[in-house]
Amino acid sequence: MTSKPKILLIYTGGTIGMVKDYETNALKAFNFEQLLERVPELVQLNCTVDTYSFKEPIDSSNMNTTYYVDIAEVIEDNYLDFDGFVVLTGSDTMAYTSSVVGFMFENLAKPVIFTGSQLPIGHLRTDAKENLITSIEIACSRKNNQPVVSEVCLYFEYKLYRANRTTKINAEQFEAFASLNYPPLAESGVHLQFNYELLLKPPPIATKFMVRKSLNNNIVILKLFPGITEEVVKSIVGIKNLKGIVLETYGAGNAPTYKWFVVILEAAIKSGIHIVNVTQCVGGSVILGHYETSVELQRIGVIDGKDITTESAIAKLMYLLGAKISNSEFKNTFEKPLRGELDF
Ligand code: ASP
């Protein structure tokens, strides 16, 4: 490629494009055109940047499966015309959004970089400019005439992460995200340093980019706490049409050994509900069967979430349930990495 890389900047909402409503004192989304006016530096980048904005930008707390499909479709519709994509969303649920969109993309061969900011772009001390400019730089990075990145990533505060490995860990500091079970794919200092060996390999040239748009959100997160009652577990498992549970357990995947607890979960699995064991710890992995307190979970057929994040487990459940994987294949499919989201 000799011409300048073409990047599509997609704005969905979030703090990065927010202004203060002086009547209510609350931050609210504003017109995307003004975002570009705020960053005249963009014209200095060695690429061309086109923009697309949600008609009504949203706070990421309002993200849902319909918006996930909207984001994926914008990229699908423009896939052949652009060399890379930067998606601006609110940071609050960015780890979820970027994980789901990542699962929806099969044979992705171009960079898709999610970013946002803790302070609005118009704020004097904003982190938005660096996040935005470096994300665009990453999206247009090439080596041997190929994109350096061919996966869905999240860039925030000088670090590029695999999106489905991230968690928002701080509502105050600029370093809002962590990826405790997978190292950064790149770090931005004086130079932009990629950790090439950590990046996903591009798909074979003959494969076609596909977007899977069927997502199922009949799922729930059940976070254990000491003293959780039978009534609570029973009513969660009994939710009508429930198809999947992300069970947030203690430490290396441990749960109470009370008979009632195991009986309820076993009946749920037998009725076709998929239960994924994920640790409540921000780092580390489930090791099923390591302690007596997880042996029963293993016996009844709970899915081993290994070192997947809760956000990514939710995303993978939505995607695999939407893909209508058969009950007999579901556990096996979930336990294998599809987009680098867990260690095998
Ligand atoms: N509440 C905002 C959002 O997630 C926060 C942010 O943009 O970082 O949309």
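Just above, that's the structure.
Computed from a prediction, not measured in an experiment: that's the story for all the values here.

Right, let's talk about the environment of N78 for a bit. With respect to the helices and strands, N78 occurs in helix α2 (residues 65-78). Between the alpha carbons of N78 and R142 there is a distance of 19 Å; along the sequence they are 64 residues apart. Excluding residues within four positions of it along the chain, N78 makes contact with L8 and F85.

Moving on to the site of the ligand. As a matter of local geometry, the ligand sits amid G14, T15, D59, S60, G90, S91, D92 and S117. At a separation of 3.2 Å, an oxygen atom of the ligand approaches a polar backbone atom of S117. The protein chains hide 90% of the 270 Å² of surface that the ligand would expose on its own. Taken together, the residues that form the shell around the ligand break down as no nonpolar, six polar and two charged.

Further remarks concern the sheet that holds strand β10 (residues 152-156). In spatial order, the strands read β4-β1-β5-β7-β10-β11-β14-β15; together these eight strands make up an open sheet with mixed pairing. Both edges of this open sheet fall to β4 (48-53) and β15 (192-194), since each of them pairs with a single strand only. Neighbouring strand axes in the sheet, compared pairwise and without regard to direction, differ in orientation by 25° on average. By the bridge criterion, two bridges tie strand β11 (residues 159-162) to strand β14 (residues 186-188) in an arrangement that is antiparallel. From the neighbouring strand, L160 faces β14, where its bridge partner is A186. The sheet contacts of helix α3 (residues 94-104) involve β7 (112-115) and β10, and relative to β10 the element is tilted by about 160°.

Attention now moves to the nonpolar core. By size, the foremost hydrophobic cluster in this structure holds 52 residues, and its most contacted members are I75, M104, F105, V112 and F334. L45, A128, I136 and Y182 belong to the second-largest nonpolar core, a separate cluster that totals 31 residues.

Judged by pairing direction, the sheet is parallel, and its four strands sit side by side in the order β17-β18-β19-β20 without closing on themselves. Of all the strands in the sheet, just β17 (219-223) and β20 (303-304) have a single pairing partner and so form its edges. For strand β18 (residues 244-249) and strand β19 (residues 274-279), the ladder comprises six bridges, and the chain directions are parallel. Within β19, the residue paired with I245 across the bridge is I275.

How each quantity is defined
- Residues numbered from 1 in each chain as written.
- Predicted model: local features only at pLDDT ≥ 70, side-chain atom pairs only at ≥ 80, totals over all residues.
- Heavy atoms only, no water.
- Helix = DSSP H or I, 4+ residues; strand = E, 2+ residues; numbered from the N terminus.
- Contact = heavy atoms within 4.5 Å.
- Near = heavy atom within 4 Å.
- Polar contact = N/O pair within 3.5 Å; in protein donor to acceptor, adjacent residues only side chain to side chain.
- Areas by Shrake-Rupley, 256 points an atom, 1.4 Å probe, with all protein chains shown as cover.
- Nonpolar A, V, L, I, M, F, W, Y, C, P; charged D, E, K, R; others polar.
- Pairing = 2+ DSSP bridges.
- Axes fitted to C-alpha atoms, helices over the stretch in contact; angles between N-to-C directions.
- Core = buried A, V, L, I, M, F, W, Y, C linked by side-chain atoms within 4.5 Å.
- Buried < 20%, exposed > 50% of the residue type's maximum accessible area, 1.4 Å probe, protein only.

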